[in-house]
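Fold and contact review
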Amino acid sequence: MTPTVERPVDDALIRRIADGDMEALRTLYDSVRGSVYGFALSIVKNAHDADDVLQETVLKVYANAGNYRPQGKPLGWIFTIARNLAMDKVRHNGRTVPTDERSLAVDLHTVADADDRILLRELLATLTDEERQILILHTVNGIKHREIAAVLGLPLGTVLSKYHRAVKRLKDTVKEETDYDEP
Amino acid sequence: MTNHKLDARISRALSDLVPDDTFDKIAATLPTSREDTQPITVIHTRKPYRWLIAAVAACVILLGGVLGTLAYRDYHKVDAVIDIDVNPSIELKINRRDRVLSAVAFNEDGERVLDGLKLKNTALDTAVAAIFRSMAEKGYVEDDSGILVTVQNNDEDKTADRRRQLNTGIGEVLAEHNINASIVHQALSAFAEAKQFADKHGISAGKAAFILGMVELVPDLNADKLADYRFAALASVAAQKGIDLHELVDYDADNAAWGDMALSLEQQVAQAEQTLGTVLLTPDEVKKYTGFDEEFMSKVVFVKLELSWEGNIPVYQMVFISDEAVYEYAINAIDGSWMETETEKEMNASTQSPPQTMHSTLPNGGTAATSARPFTTTTAWMDNFIGEERAKAIALKEREAAGCDTDNVRDLTVQEYYDKGNSVYKVTFTIEDVQYCHTVHAVSGKIVKIEKTPCTTTTTATTTQNRYIGRNMAVNIALIDADINDAVVVSTIYCHLHEEEKEPYYYVEFYTDVARWEYRINAVHGEILRQQETPLTVPPSGLE
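Our subject in this report is the structure included herewith. (Residues numbered from 1 in each chain as written. Chains lettered and ligands numbered in written order. Predicted model: local features only at pLDDT ≥ 70, side-chain atom pairs only at ≥ 80, totals over all residues. Heavy atoms only, no water.)

1. Looking at the overall build of chain A
Along its length, chain A carries 8 helices and 0 strands. Out of the 183 residues in chain A, the part that is buried amounts to 56%. Considering only intrachain contacts with a sequence separation of at least 6, the fraction spanning at least 24 residues in chain A is 66%. For chain A, the accessible area works out to roughly 7,400 Å², and carbon and sulfur atoms hold 49% of it. (Helix = DSSP H or I, 4+ residues; strand = E, 2+ residues; numbered from the N terminus. Buried < 20%, exposed > 50% of the residue type's maximum accessible area, 1.4 Å probe, protein only. Contact = heavy atoms within 4.5 Å. Areas by Shrake-Rupley, 256 points an atom, 1.4 Å probe, with all protein chains shown as cover.)

2. Topic: the overall build of chain B
Of the regular secondary structure elements, chain B holds 17 helices and 19 strands. Buried residues in chain B amount to 44% of all 544 residues. Counting only carbon and sulfur atoms, one obtains 51% of the accessible surface of chain B, whose full area is about 28,800 Å².

3. Here's the deal with the pattern of salt bridges
Taken as a whole, this structure holds 20 salt bridges over all chains when the rule is applied. One salt bridge in this structure joins Asp52 of chain A and Lys89 of chain A, with 3.4 Å as the shortest N-O distance. With Asp52 of chain A in helix 3 (residues 47-64) and Lys89 of chain A in helix 4 (residues 74-92), this pair connects stretches of sequence that are 37 residues apart. A residue is classified by how much of its surface remains accessible, and Lys89 of chain A, at 13% relative accessible area, is buried. Between Arg516 of chain B and Glu518 of chain B there is a salt bridge, with its nearest N and O atoms 3.4 Å apart. Grouping residues by exposure puts Arg516 of chain B and Glu518 of chain B together as buried. Put simply, Arg26, Asp30 and Arg33 of chain A are held in one network by salt bridges that share partners. (Salt bridge = Lys/Arg side-chain N within 4 Å of Asp/Glu carboxyl O.)

4. Considering the nonpolar core
Core analysis: the largest hydrophobic core is formed by 68 residues, its most contacted members being Leu28, Phe39, Phe79, Leu120 and Leu135 of chain A. Here this core takes 12 residues from helix 2 (residues 22-44) of chain A, the largest share from any one element. The residues touching Leu28 of chain A, leaving out its near neighbours within four places in the chain, are Val9, Leu13, Ile17, Val61 and Ile78 of chain A. If you look at the next biggest cluster of nonpolar residues, it comprises 29 residues, including Leu114, Met135, Val149 and Val173 of chain B. (Core = buried A, V, L, I, M, F, W, Y, C linked by side-chain atoms within 4.5 Å.)

5. Brief notes about unusual backbone geometry
In the Ramachandran plot, Lys45 of chain A falls in the positive-phi region, its phi being about 70° despite a non-glycine side chain. One can find Lys45 of chain A in the loop between helix 2 and helix 3. In this structure, Glu432 of chain B is a non-glycine residue whose phi angle is positive, near 55°. Positionally, Glu432 of chain B belongs in the loop between strand 13 (422-431) and strand 14 (434-441).

6. Concerning the packing of aromatic side chains
One pass over the full model with this rule turns up 7 aromatic pairs over all chains. Ring plane angle 50° and centroid distance 5.0 Å describe the contact between Tyr29 of chain A and Phe23 of chain B, whose orientation is recorded as tilted. Taken together, the residues Tyr29 of chain A in helix 2 and Phe23 of chain B in helix 2 (residues 22-29) connect one chain to another. For the pair Tyr29 of chain A and Phe23 of chain B, one class covers both residues: buried. (Phe/Tyr/Trp six-rings, centres within 6.5 Å; stacked < 30°, edge-to-face > 60°.)

7. Digging into helix 5 (residues 124-137) of chain B
Residues and elements named next belong to chain B. For helix 5, with 14 residues, the first-to-last C-alpha span of 20 Å sits near the 20 Å given by 1.5 Å per residue. When we look at burial in helix 5, the residues that qualify are Leu124, Ala127, Val128, Ala129, Ile131, Phe132, Ser134, Met135 and Ala136. Trailing helix 5 by a residue or two, Gly139 shows a phi angle of about 85°, which is positive. (Expected span 1.5 Å × (residues − 1).)

8. As for empty space enclosed by the protein
Under the criterion given, the structure shown has 1 cavity of 30 Å³ or more. Taken as a whole, the largest cavity encloses approximately 40 Å³ of empty space. Lining the largest cavity are Lys60, Ile81, Asn84, Leu85 and Asp88 of chain A together with Glu172 and Ala175 of chain B. Within the residue set of the lining of the largest cavity, elements represented by two or more residues are helix 4 of chain A together with helix 6 (156-176) of chain B. Counting residues per element, the lining of the largest cavity draws most heavily on helix 4 of chain A, at 4 residues. (1 Å grid on protein atoms, 1.4 Å probe; cavity = no way out; pocket = protein on both sides within 12 Å on 5 of 7 lines; lining within 4 Å. Points joined across faces, edges and corners; volume = space filled by probe spheres on them.)

9. Structural notes on helix 1 (residues 11-18) of chain A
Helical geometry note: an α-helix holds 3.6 residues per turn, so side chains three or four residues apart project in the same direction. All names here are of chain A. Those residues of helix 1 that sit buried are Asp11, Leu13, Ile14 and Ile17. Projected down its long axis, helix 1 shows its buried positions confined to an angular sector of 160°, all on one face. The secondary structure elements touched by the buried residues of helix 1 are helix 2, helix 3 and helix 4. The positive-phi residue at the C-terminal boundary of helix 1 is Gly20, with phi of around 90°. (Arc of directions from axis to C-beta.)

10. Overview of the pairing of strand 3 (residues 100-105) of chain B
Residue and element names in this part refer to chain B. In this sheet, strand 3 lies alongside strand 2 (residues 89-94) in antiparallel orientation, the contact comprising 5 bridges. By the bridge assignment for strand 3, Glu91 is matched with Val104. Linking strand 2 back to strand 3 in an antiparallel pair, the connection comprises 5 residues, with Asp98 at a positive phi of about 60°. (Pairing = 2+ DSSP bridges.)

11. Some remarks on the packing of helix 3 of chain A against helix 2 of chain B
Put simply, helix 3 of chain A and helix 2 of chain B touch, their axes get as near as 10 Å, and they point 45° apart. Judged by the inter-axis angle, helix 3 of chain A sits oblique to helix 2 of chain B. Crossing hand, helix 3 of chain A versus helix 2 of chain B: right-handed. On helix 2 of chain B, the residues touching Asp51, Leu54, Gln55, Val58 and Leu59 of chain A of helix 3 of chain A are Thr22, Lys25, Ile26 and Thr29 of chain B. Residues of the contact of helix 3 of chain A with helix 2 of chain B, tallied by class, amount to 4 nonpolar, 3 polar and 2 charged. (Axes fitted to C-alpha atoms, helices over the stretch in contact; angles between N-to-C directions. Parallel < 35°, antiparallel > 145°, perpendicular 65-115°, else oblique. Left-handed = near helix turned anticlockwise from the far one by under 90°. Nonpolar A, V, L, I, M, F, W, Y, C, P; charged D, E, K, R; others polar.)

12. Some points on the side chain of Lys89 of chain A
Of note is the side chain of Lys89 of chain A, whose polar atom sits 3.4 Å from the side chain of Asp52 of chain A. Ignoring anything within four residues of it in the chain, the contact list for Lys89 of chain A reads Val44, Asp49, Asp52, Val53 and Glu56 of chain A. (Polar contact = N/O pair within 3.5 Å; in protein donor to acceptor, adjacent residues only side chain to side chain.)

13. Remarks on the interface of chain B and chain A
Taken together, the contacts link 47 residues of chain B with 76 residues of chain A. Together chain B and chain A conceal approximately 5,800 Å² of surface at their shared face, both sides included; 56% is due to carbon and sulfur atoms. Counting across the chain B and chain A interface gives 3 salt bridges. The closest approach of N and O atoms between Asp116 of chain A and Arg9 of chain B, which form a salt bridge, is 3.1 Å. Counting every contact that joins chain B to chain A gives 7 residue pairs in polar contact (both at pLDDT 80 or more). Elements supplying a minimum of two residues to the side of chain B that touches chain A: helix 1 (3-17), helix 2, helix 6, helix 11 (257-276), strand 16 (491-498), strand 17 (505-511) and strand 18 (515-522) of chain B. Top element by residues in the side of chain B that touches chain A is helix 1 of chain B. It accounts for 13 residues. Residue composition of the side of chain B that touches chain A, grouped by class: 17 nonpolar, 14 polar and 16 charged. (Buried area = accessible area lost by both parts, 1.4 Å probe.)

What follows is the structure, given as structure tokens:
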């Protein structure tokens, strides 16, 4: 598996993509693929559609990079695109916008680390959709709580409080499973 | 596990879920170069044997003449009129195949938006996308803009389909331009009066209908003056006058209206819980107390969900609509009982006995219970705290009762903290070789948690927390910097410690009647790291 990239996504990267720089597009993809996929998965509820949304998001970013107005918030822009595409996918499949389903059945065998599998299983099974989405967006290097709030259409305070509740619940659940406590 | 490590692990795990060939599929779909994405200009060339082609064409025209006439009439028949009002005001007439028959601007800004656009005979979604791209590029649509979309058509199903189509199309264009604006819809099946008003003022029928709807609800509004207002300003006036926009339009939302309302209540509910020292029923839980089953409640449309106070009792005010009736409930947010209508009863704070439940039955079988006062946020949450000295006393008394020698307490400190939605005091002290940390609820004084740590173990985290300035200090720093004196009413103070950051800070947010303030304050030194003042939307002046 290609390792995730620590370099944050910024306006300069989007400008390079607008100029047709494929390496920049690959950098963007590597930076956000997991979180866009996970975010989409929490909306569309199946792996196949989540993969479609990931592809369409990257393609849409490539196609519209020239229209992007540099405001220092490229990640908010990207995830808003992903969210709209995921919502469209749900509507296209004839479903209403999905109500909360705590459990997401996903095949986790591709996750290399056993403890990561437990973590992901609990993330997908234990949290509400919103908590899951907030937590997944929070993993994106460089995204701010304010951008998360804007993407999800939630008040900032709500994002903050839900994030902390979700983290606490996830940590407690994982701790029970793995029976250790990292510092 | 630190939050940072948690983030990294989740990110790694999610990346492992993504199929290996996803980027290959993306790359295969991309054009080989950026030039390939430029529009291709079709060049029509003269063909040889023009005379033959012309003759054939003439025959086709003759043959198609009769059919063509019928098709022409059908094609050009107006099936719906769509008005788009931001400040530019534009009207599209479309046929039943959703093809644009005409695009008209009602004001100069609308003309500027349409300038250069060839919309006739284009598909509706293409035309709307082009209009909004033009608006975005010319700066007419930006964050927090209000967009009113009016569909005039007698077919409700078609109206609903077109609305969805428009939402999607507009939403995509706005997202491309990183704009967060609200889209509000209204459907008109009869608009003669609105048309007359619209013609008089040179505005769209949709905007006219909206204004006339407002004036019908609040007669002292001046419709002629409102005709000059942007839609966002109209919505602002409506809010100021207490007009529920649901009485005029349907909200566009990716989320259900219920979801938006419930989420907007979260902070209010959290504050109420702090003030009372008790957990309230969530809005979802309260639904059950209406007496209707889950299936019924899943089909109703909520138009109102607010938290108000009846004396000392927090009350959910709910209004929802089914196919048959409008239902109004005022439900006790603590125990789910129905609140009394019209009669005010003072609550005995010590007994907290619930009022008698009363409700009236609507002629159509629905039930109604009403009692509404707007919920006002205050700074009382801070006034209700027990104070640091009291928190210390509670903690030491607990240890004394447990048999500890409280005469030889060392390193006694107390820190105000915000933990899991509650304000608490953390009282730490050492007795003999054990360090204790008591978490005391800031309002009720209950001991929430007791932690004991042998003194040989490192207590870096506790030591670190003791170095923090505390929430009260952080809030005071923010208020002083914002030059907020006692005469200014401050509402909804929110303060949260971010310890997971490299440089721990307090995030402080509060509102005055004209602005929202946000601060980041270094948790150790009290230095202001970031400050932002955002003016609240103020209704335009001159409204009589």
